[in-house]
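# Structural features, examined
Here's the letter readout for the chains.
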Amino acid sequence: MSSIEDVVALIDALYSRQHSSQLGVNEIQSKLQEIQKSSDGLPLANELLSNPLYSSNVRYFGALTLTVQSNLESAKLNRHELLRINLLHLTMLAHRYVENPSQCAGNYITIKKLMSNLSLLFHDINEAETDSLVTETAGLIAEWWNPINTLVQLLSQGNQIEEWTHIDEQSRDGLIMQSLNAQLPYQDLITFISSNPRYNQLLLTFTEIIVEDLTKLQTRRHSTPRINEIVHKHLYITTMSLLNVNLTSTPVDQIDDTIFKTVTAWVTYVSLTRSGNISMDLSELFQNLINLMYQSNDDTDSFNVAERIISIWSYIFSNDTTLMNYELREQIEATFLGVTRSGNADVSKNQWLLQYMNHLVTNEMITELKELSICIVDFLQISSLDLCNKLFTKTANNEAIIQQYIKVLLQLTNFPLLPVLQESFSIRMVDFWLDLADSYLNLPNEALAPNAINVAVDIFQQVINIYLPKISLLNKQKIIEDGNDETLIHEFEDFRSAVTDLSQSLWSILGNEHLTNILISGIGSNDASGIVTNGTDFSSYYQIEAMCSLLNKLLVDMDLSISPWIVNILTKNPFFIQNILLLFKTGLTMDQQNPNNGPLKLDFIRSSSNLIGSTCGYFNRDPKELNSCIETLFQGLETCTAKNTANKNNNVPEKIKEIDDKFEVIVIKTIATVCDVCRKQLPNYLVHFFNVFNNLLQYESNVSQFTRGKLARCIGYIIECQYELGPETQAKYIVQFLDMINGYVDTCLSSDPSSITSQQVDYIHTMLECISEFGSSMINNNEEENEQLLQQLPHYQQFWAADPSGCRTRVMGLIEKILTNSIYSTNSSFIEVACLLLGKTLILKEVEPHFLKFSMADIIQFVLKHLNEHNYVSSLPFFVYLLEKLVSHYKDNLSANEFDYLFKEIFLKYYSQYIASDPDLLQSMINFIISVLDVKPSLVVNSSEWMNFILPTFVKLLPSNEKFTIFAVTKFWTKVVNNRKYTQQDLQLTRQQIIMIGSELVYQTMFGLYNTQRSDLNSYTDLLRALVAKFPIETKAWLIETLPKICNNPTVHEKFINKLFITRGSRAAGNVILTWWLDVTSLPSY
Amino acid sequence: MSSLCLQRLQEERKKWRKDHPFGFYAKPTKKADGSMNLQKWEAGVPGKEGTIWQEGVYPLTIEYPDEYPSKPPKVRLPAGFYHPNVYPSGTICLSILNEDQDWRPAITLKQICLGIQDLLDAPNIKSPAQEPAFRAFSKNKDEYKKKILLQAKQYTQ
């Protein structure tokens, strides 16, 4: 061991900022840790704590060394010694601190550490039941009841403590041991703490540390019932005496924060340890806290104590309300609300709360006000069910009090300040109203009071009326103007979203009559066009916007196309659509360069657009305002393109660009929704749509690919619904559409190939995407309309089979034109979109006509032609996607020979050159075969390549190193072994084939399994389960034959085979396989 | 539904309402009779700021089994969602949602939603769940990025 001086020097060096030691910090630490853990740890700690000449850091290190020693395995046997040393030094340091607090303040951290060591020993001694033998034989302590009493006993020795260093160890030990379980009468305790406030402080800190540590230990360990019983019998009583004396006898302006820390620690501990046997009642403590809270005011302590006590209530109400009994909760209720549900408590104390609130508001103590709001609303939520019963059920009585109660709650919701920025009551109350509404909705009808519905409507309508101005964008504007704090803006948006959710819940109570109609009337009863904005003040529109945002949530899932209600209500509110459009237009005209306007502009546009989208079904019943709606939306789109152009040309901040991008997406999505829902009303607009589309398709037009695609869809919707006019008319429009695209593609392709930019490549890609979107929108899934189409079906089928207008030829021509251009032919994304187009209708039934219904020959020809011309490696997955759909669609037209041909041309030809060495391509090829096995297995199992290539090659792929190959190939073999789509012939054939290669199959499977990573084991489980289920006798024989070839471990193999054949279920089989794998690889389980 | 499951889901709802990350939403769905279905939730996860996902808020459905919290909820994005760790059905492949991997009963809805937000921009290439997005992510980042940006527009709010 190093000398004590060396150790002290190292400790000082460790804690010194500019240590002069030659050793680095890490080296010092490891050297000191080594000593701390060694058998010299205890004497070292003792020495470091004993010598008053050492620095406080050195003493703290001594206490820390005792902690290390307490956590060693050998601590059990040293417990007596550890207890003795810790108590000795705690007493001595505490005594010096009390005698000379200013000089010994540096020791306080060491005192706390020693207290923490003792709390651990307190726990270990009392929980050490299993060690009773050791305890008895070693003469150690079996129980330690009350560390506070012990400390009081020891400290009561007064100045004799200083002599302890001079008396013999045995006498000193005797003193300590006598004090361990000595009783301390209540009066002695009170006299002791009254003798010096430092004693009081030390005892409070000690009990706080003990329960904090016990709480930590409880959460880490399962259960520690014995220690809790001892605490209940001893420490709890002492602590409550200590706390209650402090709370009742200390003037409010002199009360120390330590007491609240101790109370908090005890509340947490008691809440955690409550069980049937142990119940530590805190009622007296809480009553004293309530009384103390009333003493706290502006003059005495500036409500500091109130703040601390409110935070204790907050903890209780949000975590464990039952800690507080009914009577105490009633007092709190009276204080918080000035009224109680029972009508019994003294409500005059509410004045105190009003003063406290006034103090917080006057001093702009927003955080504290928020804390209070959380506390009050958490408290209210405890009794929302009871309140619900009192309000709405037949058990209700004392109506006047309950009405008064509700009035207070509504006032609290309508807290007269700005939400988020200045107050949080309205925000927190959303949760309360939501709970109350849920409780009301869960009441059985027979329990409801006769006037319950009226009462509920009255209350919840008032709630909505309070929240409408609260969620107004006027408040968001003020937050922005106040400093544009992102967090506050987010908080406000969360608040709006919570109110929107609340309104959705309240609709179940208020219905259309009392909610939806009111909002519609609020938006549309008066003409808003007279509202004047001066370019910066849009406040008059804020209320309309707030109602739009709530209404949208209510209407979003309603089908207004079939609702007579919407016609009636909108007839009564003639300005509804007009005012929504005005809101939209106001959003358009807001000057975004003003940094305060950007987010508000987006809100205006979002709320109005969303509401247009959710109400547009109405136009199917009354289309007269559809025109102005479409016009306004297009005006919006036009503004977007103009803005995008301006943004491109000028140096516009990213934030503004982001807003404009969102703006464009919102507008085009709304246009698409209107076109989808109101397609039948829009044929007259087709020319207009074509014109707009024509403008937006231009290369120079600054709109996104998304917008172009959506507009192509819109045109498709309108053309699709005109089926009564026959396929010839539809074909005319389709040709117009395709020719327009073709023209723009030609223009772009004609530019100088050497100067083609990535934007041009993207542009050409977008053109093909537009055809794909257009094609998708021409598929109508509306069953009702299909009934009408059914009558014209034969004509449509004939027409599109022949395609006299050459739509498919045009599409194919366009694709070929692009793919044969050297710039585009190397880019596999063009193959992707081409495959998407050609496969578009392969999901449709055979009888359903469509202009993109390409024949099998067309598609195969396309694949074979381009497979060779393009980058095989990057394009194959897209061709495989198309082929999978093709085989699925034309399965009945394909023969095994044709499959062979396709397989050879598309895969075999390239196998050794590309596929064999590329796991992704292998996966694509295997997946293709799996997809054929899924739809028509006879195509593949009867092909010549099945036995020649597929089975022999795929069996060798089983022990692959690549995760994706393993996944695909095991799936393939599982499908081969167990396939419900097999015909009787397929089944016989494949059974014979498997029996032929079974031994090899099992060998490769088990070899693969043996060599694979743990994460891939599951891939093999399904295959082994399928083999065991379908070929039980054969598989057992194959396993017996092959396992010894993989590794020599007969016992493990035998156990594995026996277990595997009696196991049911995937998970159990997985465990059996895992056990075998762990055993044969000698890897550890975890 | 077991009482443990019900109790925990009520607790989750309370916790979420009190504290959830900005831009996220989550709430139980309603049954046909208008009552609340605590075992099936709708949620939304915004893409992280500064990533290609940022423009969208991605909708989730969360289904809690009767054995919850012993078993994890099944969390799904819309079918066909483009992401390497999302199965074609929309089911999300994330270790904390897998009973055999990192699921623990103490995991909260908030942690799940934040975990999914992280996963969006940081796919786990060791657990691919769909081929197209995985292939593009591993071999053609430009194509992957374009598709994500386009998909984000679909989910712009």
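Residues numbered from 1 in each chain as written. Chains lettered and ligands numbered in written order. Predicted model: local features only at pLDDT ≥ 70, side-chain atom pairs only at ≥ 80, totals over all residues.

Glancing now at the overall build of chain A. Along chain A, the regular secondary structure elements total 51 helices and zero strands. Whereas a compact globule of 1086 residues would reach a radius of gyration of roughly 31 Å, chain A reaches 41 Å, over 25% beyond that. Within chain A, the proportion of its 1086 residues that are buried is 41%. Sequence separation of 24 or more characterises 76% of the internal contacts of chain A that already satisfy a separation of 6 or more. (Helix = DSSP H or I, 4+ residues; strand = E, 2+ residues; numbered from the N terminus. Rg over C-alpha atoms; globule rule 2.2 N^0.38 Å. Buried ≥ 20, exposed ≤ 12 C-beta atoms within 10 Å, placed from the backbone. Contact = placed C-beta atoms within 7 Å.)

Counting secondary structure elements, chain B contains four helices and four strands. What you see in chain B, going N to C, is helices and strands ordered as α-β-β-β-β-α-α-α. The C-alpha radius of gyration computed for chain B amounts to 16 Å, which stays within 12% of the reference 15 Å derived for 157 residues, consistent with globular compactness. For chain B, the spread of C-alpha atoms along the principal axes amounts to about 50 × 35 × 30 Å. Taking all 157 residues of chain B together, 35% fall into the buried category. Within chain B, counting contacts between residues at least 6 apart in sequence, those at least 24 apart form 49% of the total.

Another aspect to go through is the interface of chain A and chain B. With 17 residues of chain A in contact, the opposing surface of chain B contributes 13 residues. Those elements giving two or more residues to the side of chain A that touches chain B turn out to be helix 22 (425-441), helix 25 (486-524), helix 31 (654-677) and helix 33 (705-720) of chain A. Ranked by the residues each element gives to the side of chain A that touches chain B, the list is headed by helix 25 of chain A, at five residues.

The next point concerns the environment of A:Q759. In this structure, A:Q759 sits in helix 35 (residues 758-777). Taking the C-alpha atoms as reference points, A:Q759 and A:Y699, 60 residues apart in sequence, are found 9.2 Å from one another.

All names here are of chain B. Two elements, strand 1 (residues 25-30) and strand 2 (residues 36-46), share six bridges in a ladder whose sense is antiparallel. Pairing of Y25 across the sheet is with G44, part of strand 2. Linking strand 1 to strand 2, which pair antiparallel, is a turn of five residues; within it G34 sits at a positive phi near 90°. (Pairing = 2+ DSSP bridges.)

In this structure, strand 2 of chain B lies alongside strand 3 (residues 57-63) of chain B, joined through seven bridges in antiparallel fashion. Along strand 3 of chain B, the bridge assignment pairs B:G44 with B:P59.

A few words on the environment of A:S875. Residue and element names in this part refer to chain A. The residue S875 is located in helix 41 (residues 872-889) in this model. Expressed as a C-alpha distance, the spacing of S875 and S829, which sit 46 residues apart in the sequence, is 8.2 Å. Those residues in contact with S875 that sit more than four places away from it in its chain are S828, I831 and H870.

Residue and element names in this part refer to chain B. The antiparallel open sheet is built from four strands, whose spatial order is 1-2-3-4. Each of the sheet's edge strands pairs with one partner strand only, and the pair in question is strand 1 and strand 4 (74-76). Across the sheet, the mean angle from the axis of one strand to that of its neighbour is 25°, orientation sign disregarded. (Axes fitted to C-alpha atoms, helices over the stretch in contact; angles between N-to-C directions.)

Glancing now at the nonpolar core. In terms of nonpolar packing, the biggest core is built from 297 residues, with A:L551, A:I580, A:I718 and A:L882 touching the most fellow members. Take this core: its biggest share by element is 11 residues, from helix 25 of chain A. (Core = buried A, V, L, I, M, F, W, Y, C linked by C-beta atoms within 7 Å.)

What follows concerns the packing of helix 3 (residues 131-139) of chain B against helix 4 (residues 141-154) of chain B. All names here are of chain B. Axis separation between helix 3 and helix 4 bottoms out at 6 Å; the angle between their running directions is 130°. Comparing their axes, helix 4 and helix 3 come out oblique. In contact with A133, A136 and F137 of helix 3, helix 4 contributes E143, Y144 and K147. When grouped by side-chain class, the residues that make up the contact of helix 3 with helix 4 number four nonpolar, no polar and two charged. (Parallel < 35°, antiparallel > 145°, perpendicular 65-115°, else oblique. Nonpolar A, V, L, I, M, F, W, Y, C, P; charged D, E, K, R; others polar.)

Residues B:Y68 and B:P69 are joined by a peptide bond in cis, for which omega reads 5°. At A:S302, a position not held by glycine, the phi torsion is positive, near 50°. As for its position among the elements, A:S302 is in the loop between helix 15 (298-301) and helix 16 (304-319).

Now for the packing of helix 19 (residues 366-382) of chain A against helix 22 of chain A. All names here are of chain A. Across the interface, helix 19 lies against helix 22 with an axial gap of 9 Å and an inter-helix angle of 10°. In terms of axis orientation, helix 19 runs roughly parallel to helix 22. Of the residues in helix 22, those in contact with S373, I374, V377, L380 and Q381 of helix 19 are F425, R428, M429, D431, F432 and D435. The residue inventory of the contact of helix 19 with helix 22, partitioned by class, reads six nonpolar, two polar and three charged.

What follows deals with helix 39 (residues 828-838) of chain A. Counting buried positions along helix 39 of chain A yields 10 of 11 residues, so the element is predominantly enclosed. Taken together, the buried positions of helix 39 of chain A are occupied by A:S828, A:S829, A:F830, A:I831, A:E832, A:V833, A:A834, A:C835, A:L837 and A:L838.

With that out of the way, let us pick up the confidence of the model for chain B. Predicted coordinates in regions of low pLDDT should not be interpreted in detail. Residues of chain B with pLDDT of at least 70 account for 100%, and the chain-wide mean is 92. The complex model carries a pTM of 0.84, and its ipTM stands at 0.89. (pLDDT = per-residue confidence, 0-100.)

Bringing helix 3 (residues 41-50) of chain A into the picture now. Residues and elements named next belong to chain A. Among all positions of helix 3, only G41, L44, A45, L48 and L49 are buried. Relative to the axis of helix 3, the buried residues are bounded by an arc of 125° and lie together on one face. Structurally, helix 3 contributes buried residues whose contacts are with helix 1 (4-15), helix 2 (25-37), helix 4 (56-70) and helix 5 (75-99). (Arc of directions from axis to C-beta.)

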